[in-house]
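Results of the structural survey
Chain residues, written in single-letter form:
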Amino acid sequence: MQSQTVKRTSGKKAWKEWAWGWFFIAPTIVGLIVLNLIPMAQSAYLSFFKSGDFGRNNIYVGLDNYRKLVQDAQVWHAVANTLLYAAIVVPVSIALAMLIAVLLNQKIAGRSAYRTIYFIPMIAAPAAVTMVWRWMYNQQFGLFNYVLSKFGLPPVDWISNPRLALVSIAVIGIWSVVGYNMVLLLAGLQEIPKDYYEASDIDGAGRIRQFFVITLPLVTPTLFFVVVTSVIQAMQVFDVIFMMIDVTNPAYDHTVSLVYLFYNSSFKYMDRGYGSAIVMLLLALIMIITFFQMKAQKRWVHYQ
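As a convention, each chain's residues are numbered from 1 in the sequence order in which they are written. pLDDT decides what is reported in this predicted model: residues at 70 or higher carry local features, side-chain atom pairs at 80 or more are listed and counted, and totals for whole chains, interfaces and linings draw on all residues regardless. The basis for the side-chain values is all heavy atoms of the structure; hydrogens and waters are excluded.

Points about the overall build of the chain
Elements are defined by DSSP. Helices are runs of H or I of four residues or more, strands are runs of E of two residues or more, and each kind is numbered from the N terminus. The helix and strand inventory of the chain stands at 14 helices and 2 strands. For the chain, the spread of C-alpha atoms along the three principal axes comes to 75 × 65 × 35 Å. For the chain, buried positions account for 35% of its 304 residues. Accessible area for the chain stands at about 18900 Å²; split by element, carbon and sulfur atoms hold 68% of it. Only four residue types enter the tally: Lys and Arg on the positive side, Asp and Glu on the negative side, with His and both chain ends excluded. Charge positions come from single atoms, namely NZ of Lys, CZ of Arg, CG of Asp or CD of Glu. Taking the 23 positively charged and 14 negatively charged side chains of the chain as two groups, their mean positions are separated by 8 Å. Think of it in three bands: residues with accessible area under 20% of the maximum for their type are buried, residues over 50% are exposed, and the middle band is partly exposed, with areas taken using a 1.4 Å probe on protein chains only. With residues, only the protein chains shown are counted as cover, and all accessible areas are computed by Shrake-Rupley using a 1.4 Å probe.

Quick look at the structure:
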């Protein structure tokens, strides 16, 4: 009788823990379903249709949108631009974030103020940030060309030059995300036990050796998370390019991203079916890259 009572009590306790667990994660799950899974399913569904006049009366076309996508040179330009943007922004931003995080993890004066300053770009409105950078990039009266003129150098067309436009946009992306990555990496650094550093000091290890032997291996779980999220974010770049480059810009073909192409197809040319097919291509690319990242983590991520 007593054993049955104990089982009932333990069962009720387990049920309460299960219920409270689901209660706390319910907002996240609801948000994931409403804001991510349902739109994803709708996009997959729309990719098999073609919008009629004025975006109405969807007509089923099967795989025609995907056949058109494969043959569309602009789509593959957008794929190349998106991958190149991610290849520039992700490693540079993470390297800078790691450097800043290591420096701010030391006991220095004004450490909290520095952390706030580096994080401000992440909370600033993208439109306002882009307008400021657009002014600094201006060929005639921008800040960068003004500085170059002081050294007797000719002005540079930062935005309209096809060879420089994507790099100029990538600089904005790096500047915007460094603070966020720095905060995440700083949190990971603070989880490393101080005993390791004290033991290495006794052994006579320098700061550089401590970084590569202790800091870097032990922060790899956080670093892996930062890499995955940074790649996903970089692959979805849109707002900066949209506000910097229009379709008449000579550098448009060298900067247009997949999300920008999706926007033009869905909302400018009112072909939501083809725009949805472009989004599904982007989703496939992100899933493939993330899959290989998950496989590769076994080789370099060290969990304590």
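Brief notes about the confidence of the model for the chain
Model confidence for the chain is summarised by a mean pLDDT of 86, while 94% of its residues fall at 70 or above. Note on scores: pLDDT gives the predictor's confidence for each residue, bounded by 0 and 100. Here helix H1 (residues 2-46) is the element of the chain with the lowest mean pLDDT, 78, and helix H10 (residues 220-235) is the one with the highest, 94.

Quick word on a nonpolar patch on the surface
In this analysis, a patch consists of residues with relative accessible area above 30% that form no salt bridge, clustered at 9 Å for like charges and at 5 Å for the nonpolar side chains Val, Leu, Ile, Met, Phe, Trp and Tyr. By convention in these notes, a salt bridge is any Lys or Arg side-chain nitrogen within 4 Å of a carboxyl oxygen on Asp or Glu. A contiguous nonpolar patch, built from Val-30, Leu-32, Ile-33, Val-34, Leu-35, Leu-37, Ile-38 and Met-40 and spanning about 700 Å² of accessible area, is present on the exposed surface. Summarising the element assignment, Val-30 is placed in helix H1. Accessibility expressed as a relative area gives 48% for Val-30, which makes it partly exposed.

Comments concerning the environment of Lys-268
With respect to the helices and strands, the residue Lys-268 is situated in helix H13 (residues 258-268). In this structure Lys-268 comes out as partly exposed when scored by relative accessible area, which is 46%. Considered as a pair, Lys-268 and Ala-124 are 144 residues apart in the sequence and their alpha carbons are 27 Å apart. We call two residues in contact whenever any of their non-hydrogen atoms come within 4.5 Å of each other. Leaving out residues up to four positions away in the same chain, Lys-268 has contacts with Val-247 and Tyr-263.

Examining the nonpolar core
Residues Val-75, Tyr-85, Met-244 and Leu-258 are the most contacted members of the largest nonpolar core, which totals 57 residues. In terms of residue count, the dominant contributor to this core is helix H3 (residues 73-104) (13 residues). Not counting chain neighbours up to four residues away, the residues in contact with Met-244 comprise Thr-130, Trp-133, Arg-134, Tyr-137, Ile-159, Ile-172 and Asn-249. Side-chain atoms within 4.5 Å link the members of a nonpolar core, which is a set of buried Ala, Val, Leu, Ile, Met, Phe, Trp, Tyr and Cys residues.

Topic: the pattern of salt bridges
Where side chains of opposite charge bring their charged atoms close, a pairing between them can arise. Inspection of the entire model under this criterion finds 2 salt bridges. In this structure, the salt-bridge partner of Asp-271 is Lys-50, at a minimum N-O distance of 3.7 Å. Here Asp-271 is found in the loop between H13 and helix H14 (272-300), whereas its partner Lys-50 is found in strand S1 (residues 49-50), with 221 residues between them in sequence. According to the relative accessible area criterion, Asp-271 is buried, its value standing at 10%.

Things to note about a negative patch on the surface
A cluster of acidic residues, Asp-195, Glu-198, Asp-201 and Asp-203, forms a negative patch on the protein surface. By secondary structure assignment, the location of Glu-198 is in helix H8 (residues 194-202). Owing to a relative accessible area of 48%, Glu-198 belongs among the partly exposed residues under this scheme.

Observations regarding the side chain of Asn-264
On the secondary structure map, Asn-264 appears in helix H13. Filtering out sequence-adjacent residues up to four positions away, Asn-264 remains in contact with Val-247, Tyr-252 and Tyr-269.

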